[in-house]
Amino acid sequence: MSVLTERIEERFQMPLADLRRAVEKAPQANPEATALVHWYGLLTETQQALDTAEDALVEALGTQPADVLDDPVMELAHQVNSAVASRDGRAMVVNYLLDPNAPGKRGTSAWRGASPTARRAPALPTSPPTLPSARNTTARGAR
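I will try to describe carefully the structure that is included in this document. (Residues numbered from 1 in each chain as written. Predicted model: local features only at pLDDT ≥ 70, side-chain atom pairs only at ≥ 80, totals over all residues. Heavy atoms only, no water.)

**Focus: the overall build of the chain**
Stage number 1. From N to C terminus, the chain includes six helices and zero strands.
Stage number 2. Helices (α) and strands (β) of the chain occur, in sequence order from the N terminus, as α-α-α-α-α-α.
Stage number 3. The burial tally for the chain puts 20% of its 143 residues in the buried class.
Stage number 4. Counted over contacts in the chain with a minimum sequence separation of 6, partners at least 24 positions apart contribute 56%. (Helix = DSSP H or I, 4+ residues; strand = E, 2+ residues; numbered from the N terminus. Buried < 20%, exposed > 50% of the residue type's maximum accessible area, 1.4 Å probe, protein only. Contact = heavy atoms within 4.5 Å.)

Structure representation (structure tokens):
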């Protein structure tokens, strides 16, 4: 979490608490900051849920014999696994939002100001090719 916090603070050149307050005051001012603050908040909630699930699992394991795990303990282990998956997924989203060169983001800034017609223009020329005139060509093998 601390690495992501540092990356966000570096990206926006302000402490995360200040960025959160700025986004609360004007969410439309910077959609990128708003999305990052939203996903970082979800990540924080998931990390807290993971910490709670891990603590409950450790406590339950302390009361169980080492060779036997009953259903309630297994359920706690599944909760930990689910929380890890959720946390990792949300961390991936935050990483994606922080990476300006992530797939799907490349080249988008060049198109932001372009007209809709320019964005729909074909990538290759679509005019028919010019064919050589028939009187200037000779057939293969002809002498």
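**Looking at the pattern of salt bridges**
As a working rule, side chains carrying opposite charge can pair if their charged atoms are close by.
Stage number 1. Inspection of the entire model under this criterion finds three salt bridges.
Stage number 2. With a shortest N-O distance of 2.6 Å, Glu32 and Arg11 are connected by a salt bridge. Placement of the pair is Glu32 in helix α3 (residues 31-63) and Arg11 in helix α1 (residues 2-12), with a sequence separation of 21 residues.
Stage number 3. Residue classification places Glu32 among the partly exposed residues on the basis of a relative accessible area of 31%. (Salt bridge = Lys/Arg side-chain N within 4 Å of Asp/Glu carboxyl O.)

**Looking at a nonpolar patch on the surface**
Stage number 1. Among the surface-exposed residues, Leu61, Leu69 and Met74 lie close enough to one another that they form a single nonpolar patch of about 240 Å² accessible area.
Stage number 2. Position of Leu61 among the secondary structure elements: in helix α3.
Stage number 3. Of the residues examined, Leu61 reaches a relative accessible area of 40% and is grouped as partly exposed. (Patch = residues over 30% accessible without salt bridge, like charges linked within 9 Å, V, L, I, M, F, W, Y side chains within 5 Å. Areas by Shrake-Rupley, 256 points an atom, 1.4 Å probe, with all protein chains shown as cover.)

**A short note on unusual backbone geometry**
Stage number 1. Phi is positive for Gln13, close to 55°, though the residue is something other than glycine.
Stage number 2. Among the structural elements, Gln13 can be located in the loop between α1 and α2 (16-25).

**Here we look at the packing of aromatic side chains**
Stage number 1. Under the definition given, this model contains zero aromatic pairs.
Stage number 2. Residue placement shows Arg11 over the ring face of Phe12; its charged tip is 4.8 Å from the ring centre. (Phe/Tyr/Trp six-rings, centres within 6.5 Å; stacked < 30°, edge-to-face > 60°. Lys NZ or Arg CZ within 6 Å of the ring centre and 35° of its normal.)

**Concerning α1**
Stage number 1. Listed as buried for α1 are Leu4, Thr5, Ile8 and Phe12. Burial along α1 is one-sided: seen end-on, the buried residues are contained in an arc of 105°. Turned more than 90 degrees away from the buried face of α1 sit Ser2, Val3, Glu6 and Glu10, all of them exposed.
Stage number 2. Against the buried residues of α1 lie α2, α3 and α4 (71-98).
Stage number 3. Residue Gln13 follows α1 closely and has a positive phi angle near 55°. (Arc of directions from axis to C-beta.)

**As for the packing of α1 against α3**
Stage number 1. The geometry of α1 relative to α3 is characterised by a closest axis approach of 12 Å and an angle of 165° between their N-to-C directions. Taken together, the axes of α1 and α3 lie roughly antiparallel to each other. The two elements α1 and α3 cross, and the hand of that crossing is left-handed. Contact residues: Leu4, Thr5, Ile8, Arg11 and Phe12 in α1; Glu32, Ala33, Leu36, Tyr40 and Leu43 in α3.
Stage number 2. Here the residues of the contact of α1 with α3 are counted per class, giving seven nonpolar, one polar and two charged. (Axes fitted to C-alpha atoms, helices over the stretch in contact; angles between N-to-C directions. Parallel < 35°, antiparallel > 145°, perpendicular 65-115°, else oblique. Left-handed = near helix turned anticlockwise from the far one by under 90°. Nonpolar A, V, L, I, M, F, W, Y, C, P; charged D, E, K, R; others polar.)

**Things to note about the side chain of Thr46**
Stage number 1. Tracing the backbone through its elements, the reader meets Thr46 in helix α3.
Stage number 2. There is a polar contact of 2.9 Å between the side chain of Thr46 and the backbone oxygen of Leu42.
Stage number 3. When sequence neighbours within four positions are dropped, the list of residues in contact with Thr46 reads Ala83, Ser86, Arg87 and Arg90. (Polar contact = N/O pair within 3.5 Å; in protein donor to acceptor, adjacent residues only side chain to side chain.)

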